[in-house]
Amino acid sequence: MAQLSSAISKVLITGGTGSFGKTMLKGLLKEDVSEVRVFSRDEEKQDMLRNQITDPRVRFFIGDVRDRTSVDRAMKGVDACFHAAALKQVPSCEFFPLEAVRTNILGSENVIRSAIEQQVKSLVCLSTDKAVMPINAMGLSKAMMEKLVQAAAREIGTDADTTISCVRYGNVMYSRGSVIPLFVNQIKQGIPITITEPQMTRFLMPLSDSVALVNFAFEHARQGDLFIKKAAASTIEDLVTGLLELFGRPDHEVKIIGWRHAEKLYETLASLQELTTAQDMDEYWRLRLDARDLHYSAYFSEGVEKTGPLEDYHSHNTQRLDVQGVKDILLALPEIQDELKAWNA
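Rules of the game
- Residues numbered from 1 in each chain as written.
- Predicted model: local features only at pLDDT ≥ 70, side-chain atom pairs only at ≥ 80, totals over all residues.
- Heavy atoms only, no water.
- Phe/Tyr/Trp six-rings, centres within 6.5 Å; stacked < 30°, edge-to-face > 60°.
- Helix = DSSP H or I, 4+ residues; strand = E, 2+ residues; numbered from the N terminus.
- Buried < 20%, exposed > 50% of the residue type's maximum accessible area, 1.4 Å probe, protein only.
- Patch = residues over 30% accessible without salt bridge, like charges linked within 9 Å, V, L, I, M, F, W, Y side chains within 5 Å.
- Areas by Shrake-Rupley, 256 points an atom, 1.4 Å probe, with all protein chains shown as cover.
- Salt bridge = Lys/Arg side-chain N within 4 Å of Asp/Glu carboxyl O.
- Lys, Arg positive; Asp, Glu negative; His and termini not counted.
- Charge placed at Lys NZ, Arg CZ, Asp CG, Glu CD.
- Polar contact = N/O pair within 3.5 Å; in protein donor to acceptor, adjacent residues only side chain to side chain.
- Contact = heavy atoms within 4.5 Å.
- Pairing = 2+ DSSP bridges.
- Right-handed = clockwise from strand over helix to strand, strands pointing away.

Across all of its chains, the model carries five aromatic pairs by this definition. Ring centres 5.9 Å apart and planes at 55 degrees place the aromatic pair F82 and F218 in the tilted group. Taken together, the residues F82 in strand β4 (residues 80–83) and F218 in helix α8 (residues 207–220) connect sequence positions 136 residues apart. No difference in accessibility class separates F82 from F218, as the two residues are buried. Judged by centre distance (5.6 Å) and plane angle (75 degrees), the ring pair of F247 and W343 falls under edge-to-face. Placement of the pair is F247 in the loop between α9 (236–246) and β12 (254–256) and W343 in helix α12 (residues 334–344), with a sequence separation of 96 residues. Since its relative accessible area comes to 3%, F247 is described here as buried.

A surface patch of like charges, here positive, comprises K22, K26, K88 and R176. Of note, K26 is situated in helix α1 (residues 19–28).

Assignment of secondary structure puts D225 in the loop between α8 and β10 (226–229). Assessed through its relative accessible area of 3%, D225 is described here as buried. Only 2.4 Å separates the side chain of D225 from the side chain of R286, close enough to count as a polar contact. Filtering out sequence-adjacent residues up to four positions away, D225 remains in contact with I164, S165, C166, H220, R286, L287, R288 and L289.

For the rest of this paragraph, the subject is the pairing of strand β5 (residues 122–128). Across the seven residues that make up β5, a large majority, seven, are buried. Judged by which residues are buried, β5 turns out to be covered on both faces: S122, V124, L126 and T128 on one side and L123, C125 and S127 on the other are all buried. Taken together, the four bridges between β4 and β5 define a ladder with parallel strand orientation. Note that in β5 the partner of F82 across the bridge is V124. Pairing of β5 with strand β6 (residues 163–169) involves seven bridges; the strand directions are parallel. Considered in β6, the bridge of T128 is made with Y169. You can see the chain leave β5, run along helix α6 (residues 137–156) and come back into β6, and the turn it takes is right-handed.

Below, the structure written as structure tokens:
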């Protein structure tokens, strides 16, 4: 957890009962904060989290980002906000795209406008690799969220009280609804592992890395910045092979079921156009806000020579993990460690 500024005392996490929110909450409680507000619409998950974490600095707010009034109530008086509330699963957004619009677009606009009006010092919004050249409703809605952030950043300018930024990352390993818990359960139940396309590639990011990325954005963001973390990827085939070897079931049946609705063969974290003006920050890229106005002619009076990457940054051309590399990253996950202990007991 990056050291919070001394000016940050009260923090709000929207979607605070999700995988990211819970991990961020635990990290914040190790810092010198006076209050962390957990905002979500799921009272059952809030009750479970309330029983797990009894720190008096945690306050729970029932509400929905779709409702501006409940967002304002939770936002009032906070110094920083991490916006993680979203509909995240591709199939559900495909079948109910208007729900993705209401939560991921309109809900995000509520959070952005509330943070500006409440003069929150820093707002970091969580996005996804599916927002780059999107082909599904989830990615489209997240791409629009990014555009809302950028539009607000241009509108309020660099001298505003609130700094708004985004982070964009790929698959968070062992998060709710992801494939690794599904594969593990299929192994444990002795039923075939179901995969869509063996050569499909995905970025692999431990949850701790996604929290580190958000902390990095919080620490370094300028108005309208978008940060990505350079990440390794693997094929689905190698991911499954690694899991089967760890669980000692190399001959477990694997069934190819074909592509689901609106899946990509590979995911893209940054486009070539974005990387042309990006700042390489070692483990991270800073994708700068395009702050031009609508008077484009002023920017083309003189040519500007730019050099940079020659292609998009995606899961097919990033560092490719082999089976052993996949096993190494899996073994670093606390959830896999717990599953293997129980499996081998």
